[in-house]
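Topology and contacts: notes
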Amino acid sequence: MNPPPAQAGNTVAREAWRTLPILVLAALLLWFPARGLLDNVILDTQFRLLRQIAPQENIDDPVLVGIDEQTYAVFEWPLGLWHPHLGDFLSAMEAAGARLVVVDLLLPTRSIPATLTQLADQGHVAYHDESLLASLIGLKAAGIPVIFAEAPNDEGSRIIRGSSELLSLISSLGDQDDWFGYAQLPLDPDGFQRRYQASVSGRTTLAAQAARHLGIEARDGIINFRINSEFSYLPMQNVNAWHFDGDIGRLRQRLENRVVFLGSVTANSDRRPLPVRILASHHDNAGLRQPGVISHIQAFRSYRTQSMIRPVSDWFVFGCGLLMLACWFIPAGVRWMVLYTGCI
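Per-chain numbering applies: the sequence of each chain, read as written, is numbered from 1 onward. Where local features are concerned, this predicted model is filtered to residues with pLDDT of at least 70; where side-chain atom pairs are given and counted, the filter is 80 or more; whole-chain, interface and lining totals use all residues. Think of the side-chain values as coming from all heavy atoms in the structure, minus any hydrogens and water.

Overview of the overall build of the protein chain
Our working definition: Numbered from the N terminus, helices here are DSSP runs of H or I no shorter than four residues, and strands are runs of E no shorter than two. When accessible area is computed with a 1.4 Å probe and restricted to protein chains, residues below 20% of their type maximum are described as buried, those above 50% as exposed, and intermediate ones as partly exposed. Contacts are assigned to residue pairs that have any heavy atoms within 4.5 Å of one another. Calculation of accessible area relied on Shrake-Rupley with a 1.4 Å probe; when residues are assessed, cover is drawn exclusively from the protein chains displayed.
The secondary structure content of the protein chain amounts to 14 helices and 13 strands. Relative to its 344 residues, the protein chain shows a buried fraction of 43%. The long-range fraction of contacts in the protein chain, counting pairs at least 24 apart against all pairs at least 6 apart in sequence, stands at 76%. For the protein chain, the exposed area adds up to about 18,400 Å²; of that, 59% sits on carbon and sulfur atoms.

Structure representation (structure tokens):
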């Protein structure tokens, strides 16, 4: 027996008033500041579970050439004076037949002859820029793209790319912007690196620039940490030694037609917390603080596998919640019918 119309109307009104607090609570949660932190915790947990039960393998992985503590011991000179070592590395990439080289380092900002003028009187041997300049010309002739990091200065007033001599040569070889990628990306409020932007302040970021050189679309999104394979690195001094010794076979075996990243993996430089451990050999007790170059590599992996995650807007989530809430007012028999139809 159906209730009288007046009674049915009162029932709907009561249900509507009961639903109003739920709507208000949902709206408050949607813009509650701590909601983002909770979302990140859930997201990190999902990534860790998926890496265990349904990992996504990446067959054609990039190769990381790492600058570690031993590299500094072997090369001796400060990083800003590594013109010849960087030139040797790039020449090794040409000899190996790498597909693409991404250098997560700023180019030297001063010419070595100018830098070492004062040191010459102290008995130091002055190296030259020629090896680095020649390696850039060689890579261009071999058709191997190379991308260097760029970053703002300490005041944030200008972008640092390299010395005027190096930039002049690069400009003569092609569009200077194609040779650089922005390396500093904003972190989440909890200090973790989960999201990656294809451009920051109009400047293409490092992994996005690498992707575009391979004809891959790059867009903003959440880095896909489901890609499971952990990897180690080749020490830079070893790669340079193989090239110096003429061991081209070993270079080609490890690096031919591969995308190669060069970056620091030391314990004290440019570490960023990530949701999962990626670099197997260098991590803290939690396994989360990883070298900055790792976030660029993981973003590049996401671009290359076309699995960069695009987050949905808050309004979409809120709209879905309203749609589900609207089902509360549908008679029970109709609800079951809708569910049955959706299942089949």
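Description of the pairing of strand β1 (residues 63-67)
We apply this condition: For two strands to be treated as a pair, DSSP must find no fewer than two bridges joining them.
Among the five residues that make up β1, five are buried, leaving the element largely enclosed by the rest of the structure. Judged by which residues are buried, β1 turns out to be covered on both faces: V63, V65 and I67 on one side and L64 and G66 on the other are all buried. In the sheet, β1 pairs with strand β11 (residues 259-264) via five bridges, with the strands oriented parallel. Bridging from a neighbouring strand, L64 pairs with F261 of β11. Across two bridges, the pairing between β1 and strand β10 (residues 234-235) is parallel. Residue V65 lies in a different strand from β10, and its bridge partner there is L234.

Some points on the side chain of R301
Of note, R301 is situated in helix α12 (residues 292-304). In contact with R301, not counting residues within four places along its chain, are N58, D61, P62, I227, S229, F231 and I278.

Considering the pattern of salt bridges
Put simply, the rule reads: Here, a salt bridge means any Lys or Arg side-chain nitrogen found within 4 Å of an Asp or Glu carboxyl oxygen.
A complete count under the given rule lists 10 salt bridges for this structure. For R194, the salt bridge is made with D44, and the minimal N-O distance between the two is 2.8 Å. Of this pair, R194 sits in the loop between β5 (180-182) and β6 (195-196) while D44 sits in helix α2 (residues 35-53), placing them 150 residues apart in sequence. Pair check on accessibility: R194 and D44 agree, each one buried. With its nearest N and O atoms 3.6 Å apart, the salt bridge here joins R250 to D247.

Some points on unusual backbone geometry
Even without glycine at this site, S201 takes up a positive phi of about 55°. Of note, S201 is situated in the loop between β7 (199-200) and β8 (203-204). The phi angle at Q306 is positive, at roughly 55°, despite the residue not being glycine. For Q306, a relative accessible area of 71% corresponds to the exposed category.

Some points on the nonpolar core
Generally speaking, a soluble globular protein has its nonpolar side chains buried in company with each other. Convention followed: Working definition of a nonpolar core: buried Ala, Val, Leu, Ile, Met, Phe, Trp, Tyr and Cys residues. They are joined through side-chain atoms within 4.5 Å.
In this structure, F89, L90, M93, L136 and V239 are the most contacted members of the largest nonpolar core, which totals 40 residues. In terms of residues, this core owes the most to one element, helix α4 (residues 83-96), which gives seven residues. Ignoring sequence-local partners within four residues, the contact set of V239 consists of V65, F89, A92, M93, L234, L251 and L255. One finds L100, Y196, V259 and Y303 within the second-largest nonpolar core, a separate group that totals 35 residues.

Topic: helix α10 (residues 236-244)
Residues three or four positions apart in an α-helix share a direction because the helix packs 3.6 residues into each turn. Within α10, burial applies to M236, Q237, V239, N240 and W242. Contact partners of the buried residues in α10: β1, α3 (69-75), α4, β10, α11 (248-255) and β11.

A look at the packing of aromatic side chains
The way to describe two aromatic rings as a pair is by their centre distance and the angle between their planes. The condition is simple: By convention, a stacked pair of Phe, Tyr or Trp rings (six-membered ring in the case of Trp) has centres within 6.5 Å and planes under 30 degrees apart, an edge-to-face pair has planes over 60 apart, and any other such pair is tilted.
Evaluation of the coordinates by the stated rule reveals six aromatic pairs. Here the aromatic rings of F47 and F225 are separated by 5.6 Å at their centres, their planes lie at 75°, and the arrangement is edge-to-face. Here the residue F47 occupies a position in helix α2, and F225 occupies one in the loop between β9 (221-222) and β10, the gap between them amounting to 178 residues. Judged by relative accessible area, F47 falls into the buried class, the value being 4%. Aromatic ring contacts, followed pair by pair, group Y72, F75 and W82 into a single cluster.

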